[in-house]
Amino acid sequence: MNYPDFTPRGYEVIRELGRNREGGRIAWLASQLQTGQQVVIKQFCFAQTGSSWSAYKEHEREIQVLRGLKHPGIPEYLGAFATDDGFCLVQEYKNAQSLAVQRSFDPEEIKHIAVKVLEILVYLQNRIPPVIHRDVKPENILVDDQLNVYLIDFGMSRIGSQEVAASSVFQGTPGFIPPEQLRKPTEGSDLYGLGATLICLLTGKKSTQIQELTDEDDPYVIHFRDLLPRLSVRFLGWLELMVKPRLKERFADAQTALQALTPLDVVRVPEVKLSTLVLEFRATRIGERLKQPIQVVNTMSETLLEGKWEVAPHTQDPPHTPDSHSWIVVSPREFKGNEINCDIWVDTSKLMADKFYERRLWLRSNADVEVHSLTVRVKTAPLPIERRSVPYRELVGSLLSFAGLGYAGYVFVPLIWAGFWVEILTGFWAAILTLIGIATGAGIGIGFGIGIGIGFGIGGAIGFGIGIGIGGAIGFGIGFGIGGAIVAGIVAGIVAGNEAGIGIGIGIGTWIAAGIGIVIGIVIEPVIGAGIGAGIGAVIGTWVAAGIGIVIEPMIKPVIKFGGKKLGLFTAGLGISSGIAVAVGMLHPYILLALLATGLPFVTMLLYPPIQRRRLIAQYRRSEEHLIAP
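Residues numbered from 1 in each chain as written. Predicted model: local features only at pLDDT ≥ 70, side-chain atom pairs only at ≥ 80, totals over all residues. Heavy atoms only, no water.

Our focus in this paragraph is the sheet that holds strand 9 (residues 149-151). Paired through backbone hydrogen bonds, the strands of a sheet run either parallel or antiparallel to each other. Reading across the sheet, the three strands line up as 6-8-9 and stay open at both edges, with antiparallel pairing between neighbours. Each end of this open sheet is capped by a strand with a single partner; those strands are strand 6 (97-98) and strand 9. Helix 3 (residues 107-125) contacts strand 8 (141-143) and strand 9 of the sheet and is inclined by roughly 40° relative to strand 9. (Pairing = 2+ DSSP bridges. Helix = DSSP H or I, 4+ residues; strand = E, 2+ residues; numbered from the N terminus. Contact = heavy atoms within 4.5 Å. Axes fitted to C-alpha atoms, helices over the stretch in contact; angles between N-to-C directions.)

Written out as structure tokens, the structure is:
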């Protein structure tokens, strides 16, 4: 074969790379004689095509612009020289084949090629003035074995607002040119040719077969989606925008197309749908192990979902690996499938009681979104310490009773006047009631009658003894008050047989003692001195009996709860004592004793339970110091 002689220009032709007979262009692989560097010489033969020499002037102007192109994806311009029938353009040689040569690329490699070509187009379009290639097709894109990409053949390029830099007859390769290129190409025009090139690579079509995919009624509409069922829907949508016939529907420029392509997956990937995004656990007992299900579904057909669960790190959790967590377990942790049922287990034995915990689970998969988040909320069991609510009704009742009984004490004390002989009568009654209490208490063998009987029986005996030993109104009052309480306590204890009997008995006894004292005081009003002693003694005697009963009661029944019954009892005593205090004066020693005996238990029963509960909670929290905090 006869090769042209370019030795006078310093080059020796090695072989022909290709030619365009219609355009009169031949590409030669040559070697530079001085350096041995291989170059490409593009020979333009205008005389053979009937072109005028004015065409050379147009190429010459474009060469001045191409000299400034410096991009790794564009073979470097090395020089130009004239020939007898045209001129030659010398460029850097790249050992790479064009995409017109049939090769096999996987979808990710094709995306890589698209990104590299777009980066070259971005460089060209950002120049001032911008460069529009106008002939992007498989033959003009070179790719080597390392997937380096090069864009060649700028013979059709348009520089800014200049006229087309090629034959006015040849306007591009059919199937790769958009409609507007025949009138006025723009930055979006080269995208159409690149999109058509990518379709050829993905479908295995040659550039000469691209028209097989075009619409019969509109040759600029390319149908390809049905031929690529395994590709990502979003990538196919991007590719459709690249080859939209209408310029306004296409990407505006290469930069916009590149930004849209970069985050996309080419191959169709699974899509994850979780049955819920929040799982809530509530424990009812300490150390309970809880479980809740969650379903993972792949909604994308013809794909296989693969994933694994892990617990996100948390500042309060001990250090853990993705495969192991101290108190949260997912089963199965790893899976393959498109409809998977998983169980989330929570071990509350490692958590503090009565606390709220929130953690996150991460599902890492091969889906469109790499990581999906699931929130886990846990409410641990209440503290194992009885929570006592404020007894508002009992408090209100106590206050009303206190006011009423205080008023009764204030009104009726002046009426309780009795003579000395009454001491004998009331003492007699006290003795009888005391003996009944002792006999009945000793004889009862069921329920809490035993405790009440013994307690009040002993109290009655003590009171009667005090009454005989001291004599006078006070002694009588003590014995009388104890006796009244004993009778009621025994009866209630026999009937109820439980702690309710205790409270009822004490309460009824209080009112029996007070009532009898008031009636007798009215009847024997003439004897003034003894009546006052009888009233005071009745109050003190009642509470001595109550105190003894309460002390003995735990010995009979270990588990005794404080409640509204005892609170009501002390309220009654405090009310009566307060009323008497107002009537006779606060400085009377027996009045002070009565107020102290009733007031202290009343206040203690109100304040002690919450204080005790807080103390128990503090002790329990100290025992939880080794557990995981929320």
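The structure having been displayed, the exposition proceeds.
Under the criterion given, the structure shown has seven aromatic pairs. Here the aromatic rings of Y11 and F81 are separated by 6.3 Å at their centres, their planes lie at 15°, and the arrangement is stacked. Separated by 70 residues along the polypeptide, Y11 in strand 1 (residues 11-20) and F81 in strand 4 (residues 77-82) bring together distant segments of the chain. Each member of the pair, Y11 as well as F81, is classed as buried. Plain terms: the ring middles of F44 and F87 are 4.8 Å apart, the flat faces sit at 5° to each other, and that makes the pair stacked. (Phe/Tyr/Trp six-rings, centres within 6.5 Å; stacked < 30°, edge-to-face > 60°. Buried < 20%, exposed > 50% of the residue type's maximum accessible area, 1.4 Å probe, protein only.)

Moving on, we come to the pattern of salt bridges. Counted according to the given criterion, the structure contains 16 salt bridges. A salt bridge links E310 to R364, with the shortest nitrogen-to-oxygen separation between them at 3.1 Å. You can see E310 sitting in strand 14 (residues 306-311) and its partner R364 sitting in strand 18 (residues 356-365), a full 54 residues away along the chain. For R364, a relative accessible area of 29% translates into the label partly exposed. One continuous salt-bridge network, built from bridges that share partners, spans E280, E358 and R377. (Salt bridge = Lys/Arg side-chain N within 4 Å of Asp/Glu carboxyl O.)

For the rest of this paragraph, the subject is the environment of I110. Within the secondary structure, I110 sits in helix 3. In sequence terms I110 and L147 are 37 residues apart; their C-alpha atoms lie 9.6 Å from each other. Residues in contact with I110, not counting those within four places in the same chain, are F105, L198, L201 and L202.

Okay, the nonpolar core next. With 53 residues, the main nonpolar core has L118, L124 and W238 as its most contacted residues. Counting only elements with at least two residues in this core, the list comes to helix 3, strand 8, strand 9, helix 4 (189-203), helix 5 (233-242) and helix 6 (254-261). By residue number, the principal contributor to this core is helix 3, which donates eleven residues. In this structure W238 touches L118, L198, F251, A257, A260, L261 and L264, once residues within four positions along its chain are discounted. I294, V311, V346 and L374 belong to the second largest nonpolar core, which has 31 residues in total. (Core = buried A, V, L, I, M, F, W, Y, C linked by side-chain atoms within 4.5 Å.)

A few words now on helix 3. Given a rise of 1.5 Å per residue, 19 residues ought to cover 27 Å, and the 27 Å separating the end C-alpha atoms of helix 3 matches this to within 8%. The opening residue of helix 3 is D106, an N-cap whose side-chain oxygen sits 3.1 Å from the backbone nitrogen of E108. (Expected span 1.5 Å × (residues − 1). Polar contact = N/O pair within 3.5 Å; in protein donor to acceptor, adjacent residues only side chain to side chain.)

What follows is about the side chain of H372. Its place among the elements puts H372 in strand 19 (residues 371-379). Among the polar contacts made by the side chain of H372, one reaches the main-chain carbonyl oxygen of V369 at a distance of 3.5 Å. Those residues in contact with H372 that lie beyond four places of it in its chain are V272, L274, L361, W362, L363 and A367.

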